[in-house]
Amino acid sequence: MVQLRLLGGVDALGDAGDPVDVGPAKCQLVLAALALEPGVAVPVGRLVELVWGEDAPRTAERTLQSYVARIRRGLGATSIVRSGAAYRLDLDPERVDVARFERHLDAGNVAAALAEWAGTPLAGLDAPGLVPAVDRLTERWLAATETDLAARVERDPASAVGTLTELTATHPFREGLWALLMTALYRADRQADALAAYGRARRVLVDELGVEPGPRLRELEALVLGQNRELAGTLAGPPAPASTGVLTAQSGPPVDPARPDAARPAGRTRSTSLPRQVATIVGRDRLVADVRAAIGRDRLVTLTGPGGVGKTTVATAVAHATLSDEQDVRFVDLSVVSTNRDVARAVLDTLGASEQPGPDLLGSAAEAINALGPVLLVVDNCEQVIDGTATFAIAVLDRCPDAGLLVTSREPIGLTDERTLEVPPLDPGGSAVELFLARAASPVGENGSHASVVELCRRLDGVPLAIELAAARTRTLTPAQLLERLGRDLRVLDAGLRGRPARHRTLRAAVEWSHDLLEDDERVVFQRLSVFPATFDLRAAEAVAADDRLSSLDVDDLLDRLVRQSMVSVRADGIGMRFRMLAPMRQLAADHLAAQGRAEEVARRHTAWVLTEVRSAGALLEGWDEVRGEARIRQLWPDLRAAVDRATAAGDGRLLRDLVEPVAAEVLLRSGSEVGGWAERVLELADGDEELLVFGLMWAARLHLRHRDPDGYRRLLRRYGEPDHPIVRHAGALATEDNERLVLLCREAAEWLRSKGRTYLAAMHEVGIGRALLSLGRVEEHDEVVSELVERFRVTGPPTLLHWTLGMLGYSKLRQGQREEADQLFAESAEVEVPPGTHSRSGPVAARMAARSGERGRAFEILRDHAAELLERRDLYEARLLCVEVVNLLVGAGRPEDAARLLGYLEATGLLDNPAFAALVEDSTALIERSVPTHATLRAAGTHLDDPAALTLIHALAGLSVGGLLSVEGDRSE
């Protein structure tokens with residue numbers, strides 16, 4: 001059964017305790033909102049507000065549906081149920097840690113509740129809308145913790161001092177915690193420290209809040225000064241159970257509460273060798289809790305991860321937490337150990353023990369460890385002496401039954417008894433930003449700084465060391481300046497941090513440390529893989545890294561070794577395994593590759609691989625596998641962009657055209673504005689080459705059509721020329737929306753393309769014939785052409801062209817008054833699965849159907865989101881058609897004045913010169929003229945709206961209508 005954890009982070013576990021993938025941060029946010037109240041329906045509007053705040057895109061609800069679908073893939077298809085305009089987590093509350101925590105508290109079982117607590121709720125998740133829930137849970141935990149600590153101070157005051165010291169530092173305004181700390185110190189014969197604690201409490205309260213301590217603290221101070229016997233009595237507050245449920249490193253023998261040191265050997269002291277713990281550890285609460293739980297179950301736990309990711313920080317936090325639980329801890333740093341034999345000697349040095357006569361260093365170490373009794377050994381930085389660490393770990397497991405081992409290393413040490421936990425990077429949009437702000441050398445202001453910080457953390461892949469180094473540079477650079485410099489070279493971060501080991505003072509030193517431990521062939525593959533700007537699969541790695549000396553099988557093996565050593569990360573994506581190099585690793589590897597003069601050779605291999613892959617995916621786009629092809633294109637996009645940039649820099653127009661051609665249609669089908677920009681790059685490199693000019697003008701025209709910028713296209717013609725070619729003649733008519741010419745020129749271009757074997761592009765131009773005929777109101781000719789295309793696309797695909805042509809037929813039937821047939825065509829069009837982001841009029845159609853069934857609020861919601869989507873992708877071509885639906889809906893909702901302004905915009909665009917579209921708003925126009933005395937003035941004002949302004953107005957008008965109408969409809973349904 002799936003278990004959900006919100007304490008210390010948001011994640012899910014399967015039956016065997018294995019992680020269940022519930023998606024990225026926004027999916028986790030949706031899951032958290034539902035899991036905080038399992039079984040309770042959370043309105044869609046509330047979820048949208050939590051995810052996007054006031055800046056929700058028009059596609060928010062559709063995107064939210066995709067997030068829910070993503071979560072369901074991990075938790076099960078029935079885990080989240082749609083209930084009207086709300087979602088409900090259909091899961092037993094006992095499978096949610098927060099629900100169990102609150103149930104235990106409600107039942108008065110403090111120990112059981114504290115056993116559930118694994119850290120700050122939703123840690124690492126940027127969830128401003130859930131702050132009240134997090135604060136409520138934290139407050140309940142603090143109250144329970146105070147109750148538990150009150151009992152501990154009664155039983156064993158000295159044992160509570162460490163925990164209370166930490167809690168008063170992190171929650172300095174809670175006077176109850178200060179009172180407990182003062183009492184515990186006094187009862188532990190530390191009168192001076194008790195008075196010092198009062199002084200700290202007073203300073204905090206006066207300096208931060210401007211208030212004096214309350215009566216309870218002042219009375220305690222007087223009791224301490226007077227050495228009053230009352231302090232030896234019972235503290236106020238309910239007793240707590242004997243067990244707090246906190247996991248410890250090694251349970252050890254039971255301790256007599258009256259004699260807390262009875263279980264310790266004579267002369268035994270707790271560790272004083274731990275590294276200093278940083279003041280705040282960001283984004284690691286859940287991981288620290290998981291590690292502590294693991295060392296409570298397993299005697300050997302290894303933390304793995306790349307250099308700079310924070311393995312030592314996590315291990316140090318675990319060590320201090322374990323020490324606070326009265327467990328002995330010893331910290332052994334192996335970073336300066338260079339030979340395997342010296343591992344045992346380093347342990348002896350740390351323990352202050354002498355070598356026994358003879359060669360058995362391991363025996364001496366085991367004897368020294370056993371003398372400590374129950375102890376946790378934290379062995380840090382083992383990668384360069386991994387074999388020696390493994391030998392030492394075997395000796396401890398065999399000879400030291402009361403000792404546990406927590407190891408940090410780039411790779412596991414490889415024992416069957418080993419429990420491995422990966423230390424991942426921080427969430428770039430959440431805890432990484434929190435870390436940056438906490439470590440910033442200077443305050444980070446507003447004016448876009450936050451966006452720059454988020455992008456910085458994303459660029460640095462959430463690597464804590466890199467983020468801390470970047471934060472240190474804010475003394476002299478703003479986040480925006482730092483981001484701009486990072487775009488050129490990560491060495492901007494190499495100013496260094498004091499108080500760190502040499503290998504962690506600069507980012508370069510941290511990754512060089514790892515790089516230098518690689519074997520020669522591992523370095524070769526590692527460096528070649530730096531050519532991938534994002535994730536890649538095994539076939540891609542083989543294509544780029546294999547050569548005459550290293551076969552594909554060699555690359556497979558070496559990649560596996562790099563993953564094992566945390567130089568490359570790997571994740572499953574539902575199709576296969578995807579590999580990735582963190583940004584600091586990738587820059588280092590690229591620098592070494594360039595220094596060896598091999599960068600251009602590897603880049604050529606990468607470009608050749610990209611060309612093969614993009615052609616393969618492009619072929620899928622032309623048939624029924626379009627959805628799969630588009631998914632592959634999206635996955636390939638960072639590599640394609642890198643190859644396009646290289647071809648542009650090299651001035652190779654032919655190669656650039658070959659790279660862009662398989663995806664060029666995206667500029668028309670899915671607002672691929674970047675592709676349109678690439679087409680214009682082809683024009684820049686054409687240098688009189690007619691093939692390149694024709695290609696560039698064909699696709700640049702479609703970009704300017706979508707942006708409704710015919711003048712921009714005319715400027716291109718003046719700059720580069722206008723070859724006498726059927727494709728270019730068609731492009732000119734398309735960019736200027738000359739529908740009379742397009743009927744003929746679409747046919748001419750389609751025939752030319754078909755003669756060249758370009759059947760897919762020919763079909764796209766034939767769809768253009770239908771669009772031009774519909775725009776001209778020639779519905780009979782339109783229906784004849786488009787009906788034939790529909791039947792063809794039903795057989796051959798691609799889905800997008802079938803979706804479009806069915807919709808075109810629907811609009812034609814609507815124009816002819818055949819509403820029932822139009823609705824059937826629209827419904828069939830909506831059922832066709834098209835790739836995400838495909839230009840579609842399903843939204844406006846769905847709004848019309850919702851309004852027709854009485855759900856006007858829902859209709860406005862759909863149109864608001866559609867307007868926002870068009871604005872985001874700057875798809876101005878569709879603004880007029882959306883406006884038609886909004887005018888009718890506003891009139892139907894009794895708001896003809898608002899509709900009048902938009903009607904003026906429609907008239908100015910010339911769309912209503914088309915009889916087919918004029919007929920769609922004919923009744924609304926008549927009603928506006930009858931009922932709005934100022935309609936002429938309002939329409940005149942609307943004629944001054946350009947496309948973006950009209951879309952913005954549509955978004956605003958629809959948004960104003962959504963809330964009220966939806967609530968009214970909800971009341972009616974009840």
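On a predicted model such as this, the values are computed, not experimentally measured, just so you know.

(A) Spotlight on the packing of aromatic side chains. Evaluated as defined, the whole model comprises eight aromatic pairs. On the numbers, 5.9 Å between centres and 20° between planes, the contact of tryptophan 52 with tyrosine 67 is stacked. Of this pair, tryptophan 52 sits in helix α2 (residues 44-52) while tyrosine 67 sits in helix α3 (residues 60-75), and the two are 15 residues apart along the sequence. Just as tryptophan 52 is buried, tyrosine 67 falls in that class too. Ring geometry for phenylalanine 532 versus tryptophan 609: centroids 5.6 Å apart, planes at 85°, classification edge-to-face. One end of the pair, phenylalanine 532, is in the loop between α21 (520-528) and α22 (538-545); the other, tryptophan 609, is in helix α25 (residues 599-621), with 77 residues separating them in the sequence.

(B) Expanded view of empty space enclosed by the protein. If you walk through the whole model with that rule in mind, you get four cavities of 30 Å³ or more. Of the volumes computed, that of the second largest cavity is approximately 40 Å³. Taken together, Val667, Ser671, Ser673, Leu703, Arg706, His707, Arg873, Arg874 and Asp875 make up the lining of the second largest cavity. Of the residues that constitute the lining of the second largest cavity, the class distribution is two nonpolar, three polar and four charged.

(C) Expanded view of helix α9 (residues 191-209). Here α9 spans 27 Å end to end across 19 residues, near enough to the 27 Å set by a 1.5 Å rise per residue. Each element contacted by the buried residues of α9 is listed here: α8 (175-187) and α10 (215-225). Glycine 210 sits one or two positions beyond α9 and adopts a positive phi of about 75°.

(D) Representation of the sheet that holds strand β5 (residues 80-82) in the model. The strand order across the open sheet built from three strands is β4-β6-β5, with neighbouring strands paired in antiparallel fashion. Taken across any chain shown, the strands that pair with only one partner, and hence form the sheet edges, are β4 (42-43) and β5. With three bridges joining them, β5 and strand β6 (residues 86-89) adopt antiparallel strand pairing. The residue of β6 that forms the bridge with isoleucine 80 is leucine 89. Together, β5 and β6 form the strand contacts of α3, whose direction differs from that of β5 by roughly 145°.

(E) Representation of the sheet that holds strand β9 (residues 375-380) within the structure. Sheet architecture is open: five strands sit in the order β8-β9-β10-β7-β11, paired in parallel fashion. Both edges of this open sheet fall to β8 (328-333) and β11 (418-422), since each of them pairs with a single strand only. Pairs of neighbouring strands in the sheet enclose a mean axial angle of 20°, with direction left out of account. One ladder, built from five bridges, connects β9 with strand β10 (residues 403-409); its direction is parallel. For leucine 376, the partnering residue across the bridge sits in β10 and is glycine 404. Each of β7 (300-304), β9, β10 and β11 is contacted by helix α11 (residues 285-297), which is oriented at about 180° to β11, the strand it contacts most. Set on the sheet, helix α13 (residues 342-351) makes contact with β8 and β9; between it and β8 the angle comes to about 130°.

Conventions and cut-offs
Residues numbered from 1 in each chain as written. Predicted model: local features only at pLDDT ≥ 70, side-chain atom pairs only at ≥ 80, totals over all residues. Heavy atoms only, no water. Phe/Tyr/Trp six-rings, centres within 6.5 Å; stacked < 30°, edge-to-face > 60°. Helix = DSSP H or I, 4+ residues; strand = E, 2+ residues; numbered from the N terminus. Buried < 20%, exposed > 50% of the residue type's maximum accessible area, 1.4 Å probe, protein only. 1 Å grid on protein atoms, 1.4 Å probe; cavity = no way out; pocket = protein on both sides within 12 Å on 5 of 7 lines; lining within 4 Å. Points joined across faces, edges and corners; volume = space filled by probe spheres on them. Nonpolar A, V, L, I, M, F, W, Y, C, P; charged D, E, K, R; others polar. Expected span 1.5 Å × (residues − 1). Contact = heavy atoms within 4.5 Å. Pairing = 2+ DSSP bridges. Axes fitted to C-alpha atoms, helices over the stretch in contact; angles between N-to-C directions.

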